[in-house]
Amino acid sequence: MNNRNFSDNIEGTLLVEAFASQNFLRELGAYYLLDRKKYEEIERPFRVFNVLTEEEQEERTKQKTERYYEERPNKTLEEYLRDEVGKVNEEYSYMPIPQTASECSQRLKQVTGVMYFEFLKWKFKNKYGTNPPLKAVQEEIKAIEEFINEAELQPISKAYSDPKTWEIDKIKQAYYEYLRVENGYYEHKKVDYIYGNMPCIVVSFCRLFLPYLLKVKNEIENTTPISMKSLSKSMTLYANDWDYYFNVGNSSDDIVNGFIIPTKEYFETGERAGFMDSLQFMNLLWEQIDFLESNRKKPYSTLKHYESLPITEEQRHVLFGFILKFYNGYPVIEINSRKGEGICLLLIEEAFLRYTGDTPEKKYCHNSKVLHGNTNSEYIILEELPQTYTYNAKDFEEISTKYDWDFYHNVDNIANQKGLVLPVRKYFQVGSRGGFIEPLAFLNLMWQQCIYIRTNESKPHSVITHLKLLPINDKVRHILYGMLLKFEVGGYPVAESSNTPNHNLIMKLIEKEFLNYPEATPEKEFCKQIEYVFKKEEYIADTEKVLLENIPREQTKPDRITEELVKYGFFELPKVTALSKNNQQNLIHLITSQPIPFAIAMLDFLGFLACLEKNFCTVKRDRDKKIGDLLNTNERTIKGNINSMSEYTEENKKRYTAYKHKQSVIKEYNLLK
């Protein structure tokens, strides 16, 4: 078998891509270097731990400063040094330079090879999804096995010769590296063990990835997925026929024409033709929609019910998509709906989007009223969740309520899911305190204190004394103080409100304790007041009072942004003053009604980014934060989109797309002149 036939037979597999594509190596670098968490999670048995001294910090600062000006990363020098240098007396680890050939070989097999293997698993899952087709697994296995068979036919004498005499062909070089690794060459000759080079590719594919694929293949072959046709044998399904679904009297004309008929076509002649029997799927779907309608106020249990259905993950993903489609698609708009289905649908949206890979449903089930790219990213969690938490329910057992997620996601108990429950859930799972306190455990700890405050409102001194004496450490108490302020009065600073004078006094005492905490903490940012006025509404749950609903001010987004832009000299920019007053307002409306990338491109064209950075910000991070506040998004999104407009950026241009709007914003502006 020659090299040409080898790659032709397995074209498109990860092995061929690793040899042929520069993008593969770029993705590898991004996978680890841009996500330190993944990099740190790899077990490195040769790591040495030490404590940073003042002398080492000074020396490291000099070295990193030089490197900063060589690499020119997309961050300020201050940010770069903070990330790279470390604090005095802080523990750090490093990998000492191996002294022998055997140590180099061990690093290759136990560290960098493993790192590349983890990247390959991620790449495989990203390409084929959570449930890869058996054929795809077989093709990847075939590629590696053919590579090994061909490598075994090469002369070992050539493999042991000087690499300078090897052919330029990368696959030929890989054959020789395979023979070296397998025959112990590097036990006596030092190897370049960095991840991404040829020995690392060989070790990861042949010694680690191949056994992994064989295991996946075995699992697929020994698992018989439950087909839709056999579902009725394993669970109760509706047995309606198409006449039932086409009967307008059973639903409505809009549902029949706008949902039922297109869904039937989708499974018979469309994207999923042959994937599921259309009528069986409709019966499954209709039963689950009825289940949701009957359990609106139990969002978490509803999701768990769906997750327990005896169907494959891919079938569940399709089911989730069509449940969302029935309610206008994703992203879900009315999350705080008082009927309760909004939060149910949001949890389904999260589970739907956590399914990896590009599926037809991710396009077909999108809400047609919402621009593509707009998501509920503030509220849903697509990142990997923590496996463990520093504190869980057992740590607060004696001082907490015992509610489940259904209680906290019930809009009758906490109406403002978007402002309170969802951000707190995300904060403790993947946010600034990700992995620190299990979110349900924290909510139960906090809720018990809310009850105590409400039942002892006439005793402000006793309340604050009670909170100070809770058997928790100072950090947890500080977090508790902040979240109590956020839940009770929307955050700090505490303003005069419609609550009783005693309640207001209690909140101010808590605020004082909260702000007295000596360190700069993420809570001091997260628990700041947001643009809500608070109306006290009481609901009853298990004879205990449940707390407040937040009512947004009647202020449009353009109005709010206009007020902020005035502060930063926006209306003094030459390109803005060139417009009439009426068209200045049309410009604001254009910026606020379009996706974030468009808004960033327009602000850049108008000269606002340069003006803000020059006159109102000391570092770029300040600029990103201010614009993020204006556009109601996070700093990283702002930074990524601004960086994407530079010719010399390594930013992810698939994710951040402001650069695509450079010409369109000019056209839009000229239409206003």
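Refer to the preceding data block for the structure.
Computed from a prediction, not measured in an experiment: that's the story for all the values here.

1. Digging into the overall build of the protein chain
Then, in step 1: Scanning the protein chain from terminus to terminus reveals 34 helices and six strands.
Then, in step 2: In the protein chain, buried positions account for 47% of the 673 residues.
Then, in step 3: Of the contacts formed within the protein chain by residues at least 6 apart in sequence, a portion of 70% connects residues at least 24 apart.
Then, in step 4: Surface accessibility of the protein chain: about 34,700 Å² in total, with carbon and sulfur atoms responsible for 49%.

2. A few points about the packing of aromatic side chains
Then, in step 1: On inspection of all chains with the given rule, the structure shows 42 aromatic pairs.
Then, in step 2: For the ring pair Phe428 and Phe442, a centre distance of 4.7 Å and an interplane angle of 35 degrees mean the geometry is tilted. Placement of the pair is Phe428 in helix 21 (residues 417-429) and Phe442 in helix 22 (residues 439-455), with a sequence separation of 14 residues. Phe442 matches Phe428 in its accessibility class, with the two residues each being buried.
Then, in step 3: Three or more aromatic residues link up through ring pairs in this structure, and these residues are Trp242, Tyr244, Tyr245, Phe246, Phe259, Trp286, Phe326 and Tyr327.
Then, in step 4: Against the face of Trp242 rests Lys264, its NZ or CZ located 5.4 Å from the ring centre.

3. Details of the nonpolar core
Then, in step 1: Core analysis: the biggest nonpolar cluster contains 47 residues, and Phe396, Tyr408, Phe442, Met446, Met483 and Ile510 have the highest contact counts within it.
Then, in step 2: Among the secondary structure elements, those contributing two or more residues to this core are helix 20 (405-408), helix 21, helix 22, helix 23 (460-468), helix 24 (474-489) and helix 25 (501-516).
Then, in step 3: Top contributing element to this core by residue count: helix 22, with 10 residues.
Then, in step 4: Apart from the residues within four sequence positions on either side, Ile510 is in contact with Ile453, Ile464, Leu467, Tyr481, Leu484 and Leu485.

4. Description of the side chain of Arg316
Then, in step 1: Checked against the element boundaries, Arg316 lands in helix 17 (residues 313-326).
Then, in step 2: Of the polar contacts made by the side chain of Arg316, one reaches the backbone oxygen of Tyr306; its length is 2.7 Å.
Then, in step 3: Residues contacting Arg316, with those up to four places away along its chain left out, are Tyr306, Glu307, Ser308, Leu309 and Ile311.

5. Thoughts on the environment of Leu606
Then, in step 1: By the secondary structure assignment, Leu606 is in the loop between helix 30 (596-605) and helix 31 (608-615).
Then, in step 2: When the C-alpha positions of Leu606 and Pro574 are compared, they lie 8.1 Å apart, and in sequence the two are 32 residues distant.
Then, in step 3: Not counting residues up to four positions away in its chain, the partners in contact with Leu606 are Phe570, Leu573, Lys575, Leu587, Ile591 and Tyr669.

6. Here we look at the packing of helix 16 (residues 299-308) against helix 17
Each packed pair of helices is defined by two parameters, the angle between the axes and the distance between the axes.
Then, in step 1: Where helix 16 meets helix 17, the axes come as close as 10 Å, and the angle between the chain directions of the two elements is 140 degrees. By the angle between their axes, helix 16 is oblique relative to helix 17. For helix 16 against helix 17, the interelement crossing comes out right-handed. Here Leu303, Tyr306, Glu307 and Ser308 of helix 16 come into contact with helix 17, specifically with Arg316, Phe320 and Ile323.
Then, in step 2: Its residues assigned to classes, the contact of helix 16 with helix 17 shows four nonpolar, one polar and two charged.

7. Considerations on helix 34 (residues 662-672)
Then, in step 1: Turning to helix 34, its buried residues are Val665, Tyr669 and Leu672. For helix 34, the angular spread of the buried residues around the axis is 50 degrees, confining them to a single face. Turned more than 90 degrees from where helix 34 packs its buried face, Gln663, Lys667 and Leu671 sit exposed.

How each quantity is defined
Residues numbered from 1 in each chain as written. Predicted model: local features only at pLDDT ≥ 70, side-chain atom pairs only at ≥ 80, totals over all residues. Heavy atoms only, no water. Helix = DSSP H or I, 4+ residues; strand = E, 2+ residues; numbered from the N terminus. Buried < 20%, exposed > 50% of the residue type's maximum accessible area, 1.4 Å probe, protein only. Contact = heavy atoms within 4.5 Å. Areas by Shrake-Rupley, 256 points an atom, 1.4 Å probe, with all protein chains shown as cover. Phe/Tyr/Trp six-rings, centres within 6.5 Å; stacked < 30°, edge-to-face > 60°. Lys NZ or Arg CZ within 6 Å of the ring centre and 35° of its normal. Core = buried A, V, L, I, M, F, W, Y, C linked by side-chain atoms within 4.5 Å. Polar contact = N/O pair within 3.5 Å; in protein donor to acceptor, adjacent residues only side chain to side chain. Axes fitted to C-alpha atoms, helices over the stretch in contact; angles between N-to-C directions. Parallel < 35°, antiparallel > 145°, perpendicular 65-115°, else oblique. Left-handed = near helix turned anticlockwise from the far one by under 90°. Nonpolar A, V, L, I, M, F, W, Y, C, P; charged D, E, K, R; others polar. Arc of directions from axis to C-beta.

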